[in-house]
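Chain by chain, the residues:
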Amino acid sequence: MNRESLNIVVVGHVDHGKSTLIGRLLFDTDSLPSGAIEKVKRISQEKGKGFEYSYLLDAFEEEQKQGITIDTTRLQFKTEKRDYIIIDAPGHKEFLKNMISGAASAESAILMVDANEGIQEQSKRHGYILSLLGIQKVYVAVNKMDLVDYSEEKYEEIKRDFDRFLNTLGVYPLKYIPVSAFHGENIASKSDKMPWYEGESILEAMDIIEKEVGIEDQPLRFPIQDVYKFDHRRIIAGRIESGSLKVGDEIVILPSNKTTKVKSIEHWVEKDKKEEVSAGMSVGIIVEDEFFYKRGEIVSHKDNIPTVTDTFGGNLFWLGKDDLVKNKKYKLKLATLEIECEIAKINKVIDASTLETIENGERVKRNDVAEITITTKEPIALDEFKNIQSTGRFVIVDDLDVSGGGIITKGSSFEVEKKFKSVDGEVHSVRPRLVTRQDREKRLGATSKVVWLTGKAGCGKREIAVNLEKELFDSGKNVYYLDYYQVATNQNDSEGIKEVTKIANILSETGSIVIVTSNYLLREEKEYIKSQVGKENFVEVYVEASDEVCAERFPSKEAIADLNEKSKEPFISLYIDDPNFDGKEKANSLLNIIF
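All residue numbers refer to positions counted from 1 along the written sequence of the respective chain. The predicted nature of this model means local features are confined to residues of pLDDT at least 70 and side-chain atom pairs, given and counted, to a pLDDT of 80 or more, with totals for whole chains, interfaces and linings taken over all residues. Excluded from the side-chain calculations are hydrogens and water; all other atoms, namely the structure's heavy atoms, are used.

Looking at an unreviewed UniProt entry, the protein chain carries the name sulfate adenylyltransferase, with the source organism given as Gottschalkia acidurici.

**Student:** How should I be thinking about the pattern of salt bridges in this particular structure?
**Tutor:** It is possible for side chains bearing opposite charge to pair when their charged atoms get close. Only one rule defines a salt bridge in this text: a Lys or Arg side-chain nitrogen within 4 Å of an Asp or Glu carboxyl oxygen. Counted according to the given criterion, the structure contains 25 salt bridges. In this structure, E210 engages R523 in a salt bridge whose closest nitrogen and oxygen atoms are separated by 2.9 Å. Note that E210 is positioned in the loop between α7 (202-207) and β7 (222-230) and R523 in helix α13 (residues 523-533), a separation of 313 residues in sequence. For E266, the salt bridge is made with R233, and the minimal N-O distance between the two is 2.6 Å. Of the two residues, E266 sits in the loop between β11 (258-265) and β12 (276-278) while R233 sits in strand β8 (residues 233-239), which places them 33 residues apart along the sequence. A single salt-bridge network, built from bridges that share partners, covers K331, K333 and E338. Helix numbering and strand numbering both begin at the N terminus, where a helix is a DSSP run of H or I of at least 4 residues and a strand a DSSP run of E of at least 2.

**Student:** Would you mind going over helix α12 (residues 493-509) with me for this structure?
**Tutor:** Each α-helix winds once per 3.6 residues, and so residues spaced three or four apart point in a common direction. Between its first and last C-alpha atoms α12 spans 24 Å; for 17 residues at 1.5 Å apiece the expected length is 24 Å, and the two agree. Using a 1.4 Å probe on the protein chains alone, a residue whose accessible area is under 20% of its type maximum counts as buried, one over 50% counts as exposed, and one in between counts as partly exposed. Along α12, the positions that sit buried rather than exposed are G496, I497, V500, T501, A504, N505 and S508. In the segment just after α12, G511 is the residue with positive phi, at about 95°. Helices are assigned an expected span. That span is 1.5 Å times one less than the residue count.

**Student:** Could you clarify how one ought to interpret empty space enclosed by the protein in this entry?
**Tutor:** Rolling a probe over the atoms, with the probe sized like a water molecule, indicates the empty space that remains. Buriedness of a pocket was judged along seven lines, with at least five required to meet protein on both sides within 12 Å; pockets are open sets of points on a 1 Å grid over the protein atoms alone, cavities are sets where a 1.4 Å probe fits but cannot get out, and lining residues have an atom within 4 Å of a point. Grid points are joined across faces, edges and corners, and a volume is the space filled by probe spheres set on the points. As enumerated under the stated definition, the model contains two cavities of 30 Å³ or more in all. Here the largest cavity defines a volume of roughly 50 Å³. Lining the largest cavity we find Y484, Y485, D493, I497, S518, N519, Y520 and E525. Mapped onto the lining of the largest cavity, the elements with two or more residues apiece are α11 (484-487) and α12. Residue polarity is assigned by list, with Asp, Glu, Lys and Arg as charged and Ala, Val, Leu, Ile, Met, Phe, Trp, Tyr, Cys and Pro as nonpolar; anything else, Gly included, falls into the polar class. The class makeup of the residues in the lining of the largest cavity is four nonpolar, two polar and two charged. The space that makes up the second largest cavity amounts to roughly 40 Å³.

**Student:** Hey, could you run me through the packing of α12 against α13 in this one?
**Tutor:** When two helices pack together, their arrangement is given by the angle between the helix axes and the distance between those axes. An axis is simply a line fitted to the C-alpha atoms; with a helix, the fit covers only the stretch in contact. Between two such axes, the angle follows the N-to-C directions and lies from 0 to 180 degrees. Viewed as axis vectors pointing N to C, α12 and α13 meet at an angle of 20°, and their least axial separation amounts to 10 Å. By the angle between their directions, the pair α12 and α13 is classed as roughly parallel. For the element pair α12 and α13, the recorded crossing hand is right-handed. For the pair formed by α12 and α13, the contact residues are D493, S494, I497, K498, T501, K502 and N505 on the first element and E524, E525, Y528, I529, Q532 and V533 on the second. Among the residues forming the contact of α12 with α13, the class breakdown is four nonpolar, four polar and five charged. Note on angle classes: values under 35 degrees are labelled roughly parallel, values over 145 roughly antiparallel, values of 65 to 115 roughly perpendicular, and the remainder oblique. Note on convention: the crossing is left-handed when the near helix lies turned anticlockwise from the far helix by less than a right angle, right-handed when the turn is clockwise. Whether two residues are in contact is decided by their heavy atoms, any of which lying within 4.5 Å being enough.

**Student:** Honestly, the pairing of strand β10 (residues 250-254) in this entry has me stumped. Any pointers?
**Tutor:** As a general feature of sheets, a regular strand has side chains that alternate between the two faces. Extensive coverage of β10 is indicated by the burial of four of its five residues. Pairing between β10 and β11: four bridges, direction antiparallel. Among the inter-strand pairings, E250 is bridged to a residue of β11, identified as K261. Two strands are said to pair when DSSP picks up at least two bridges between them. With four bridges joining them, β10 and strand β14 (residues 298-301) adopt antiparallel strand pairing. Opposite V252, over in β14, you have S300 as the bridge partner.

**Student:** Would you mind showing me how to read a nonpolar patch on the surface here?
**Tutor:** A residue counts toward a patch only above 30% relative accessible area and without a salt bridge, and it is joined to like-charged neighbours within 9 Å or, for Val, Leu, Ile, Met, Phe, Trp and Tyr, to nonpolar neighbours within 5 Å. Accessible surface is estimated by sampling points in the Shrake-Rupley manner with a 1.4 Å probe; for residues, cover comes only from the protein chains shown. Residues Y228, F230, W268 and V269 make up a contiguous nonpolar surface patch of roughly 480 Å² in combined accessible area. Relative to the helices and strands, F230 resides in strand β7. For F230, a relative accessible area of 36% puts it in the partly exposed group.

**Student:** What is the right way to look at the nonpolar core in this model?
**Tutor:** Taken as a class, soluble globular proteins show a tendency for nonpolar side chains to be buried jointly. The biggest cluster of nonpolar side chains holds 48 residues, and the ones touching the most others in it are L21, I110, I202 and M206. Those residues in contact with M206 that sit more than four places away from it in its chain are I8, L25, F77, R82, Y84, I86, I110 and Y139. Of all hydrophobic cores here, the second largest spans 26 residues; its members include Y172, L468, L591 and I594. Take the buried residues of types Ala, Val, Leu, Ile, Met, Phe, Trp, Tyr and Cys, join any two whose side-chain atoms come within 4.5 Å, and each joined set is a nonpolar core.

**Student:** Please explain the sheet that holds strand β13 (residues 282-287) as it appears in this structure.
**Tutor:** Adjacent strands of a sheet pair through backbone hydrogen bonds, lying either parallel or antiparallel. Pairing in this closed barrel of six strands is antiparallel, and the strands run β7-β8-β13-β11-β10-β14 around the ring. Ignoring which end each strand starts from, the neighbouring axes of this sheet average 50° apart. Here β8 runs beside β13; their pairing, made up of four bridges, is antiparallel. Bridge assignment links G238 to a residue of β13, and that residue is V283.

**Student:** I'm lost on the packing of helix α10 (residues 461-474) against helix α15 (residues 583-594) in this one. Help?
**Tutor:** Interaxial distance between α10 and α15 falls to 8 Å at its minimum, and their mutual angle equals 65°. The element α10 and its partner α15 pack so that their crossing is right-handed. Listed contacts from α15 to E463, I464, N467, L468, E471 and L472 of α10 are G583, K584, K586, A587, N588, L590 and L591. Counted by class, the contact of α10 with α15 contains six nonpolar, three polar and four charged residues.

**Student:** Quick question: what am I supposed to make of the environment of E384 here?
**Tutor:** As for its placement among the helices and strands, E384 is situated in the loop between β21 (369-382) and β22 (393-398). On the accessibility criterion, E384 (6% relative accessible area) is buried. Separated by 71 residues in sequence, E384 and G313 place their C-alpha atoms 9.3 Å apart.

**Student:** Would you explain the side chain of S512 in this entry?
**Tutor:** Relative to the assigned elements, S512 resides in the loop between α12 and β28 (513-518). The class for S512 is buried, based on a relative accessible area of 9%. A 3.5 Å cut-off defines polar contacts: any pair of N or O atoms within that distance qualifies, except that in protein one atom must be a possible hydrogen donor and the other a possible acceptor, and neighbouring residues in sequence count only when both atoms are side-chain atoms. Polar side-chain contacts of S512 include one of 3.1 Å to the side chain of T510. In contact with S512, other than residues within four places in its own chain, are S448, K449, N478 and L507.

As structure tokens, then:
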């Protein structure tokens, strides 16, 4: 049986202990090659130092001489649960571009912070890069706790300050873990030096990360490579990038918006005949209806379609010999599609060498990272990279040379410019709006959000919600509170959630902040909400309270059940330990995190 594997990138300021942490993980999991420990002992003695775990992964002599990691190093180790590939990304400014290339393949991240030095400017920049790359499953390791006498106060100070910064980037760390990598405290097992910390060690925390579903379980994306004519048959050929497809499936082909059914899956010899095909397979299909199909279009199921747009946001890594400039014509490649495009706006540029940020620039230099807005000659089908990677990444060609690559992000323009929308399994065209959500947000001076609070009966979510509504209203924001049990007319919970979501989406399109409360949400319901209101516009808040607190606030003869299903994506958690808590105070703590 194939074991599950997970890629984790380790980032942070120079000398904050990344290499030491990884060396310790390799040592504690008995994953070191033969002779490695003796070699490190010899090197440490030559340098007149004690045993240095960081030397276990120094790949080059230059690294050992300079004392900084200059290469993106990949190492493997395993636990009982899964295999891990650890990416040790450089922390030094001069090598940030190496970090970017390493982090791009990671599914999760550990961000190192020195408890003694505190949060440095580069720590913040690395947090921004993780946000730019769409890496959301992040742990913050507060290292060198031994240098601050394992102080809980110092740990809480770093956690509070870093949380405030990261949350503004849309990065919500799963946990902050206090560690001493050098002494092995809270690495492979819980430390007795920090009895005040009740969470997991680094290894235990890594093992509870939920891996994303496999590409075969994702929505169908089948980019058309070509259409071949054999005798009376017209065969649509290509590689299935995600999902699966079987004979009889109803499909839609975008951006032309043609719907049909799969009549057959073609084969050369009888033994290769299949009724169903899945991600990674190169296939040819025949459909029931004769349409004109062309290379670059994408086949999907009707209930989960890609976005069709001619304007979208992207995070770009530029490697061209010439600068990328606004309003110049380039060629965009996405899956099998090639189309003329233009850089409509350069929203932000990060210099990969100095980490300096330039807002609203005119050009992007070689090795720089940029947030850009791209317009294409015609509408195209695509996805946000965080949702489906194969149709969420692109390259830009300049004068026949591949000069840059990037990932598709979801900005307000991306949402507004949709040409088609899937509603209850049917594909509908969307008429372009002359007044957009972005226009309304600009006039109102606020970004619209759907803030959804869940928690078992009696936890206090409604009290927090009404106080949050009042605080936002008093600050001049357009805001509206929807209580699921007062709004939903359908008694079936999932149908009721859809009903409330549609109302919340309409309100948020007006530029309003919408607050919703319900006792719980199932994972599939959360995915539905995000598909309707936009993943970046949805904020999940879980209000947690003990049975005793809930029982005092909401007396019930029956035990109060907690049916909420924890999200795979990061969410905000509020803990209520007093039945007479201050709702206004909790609302203000949410304000500081979300807005």
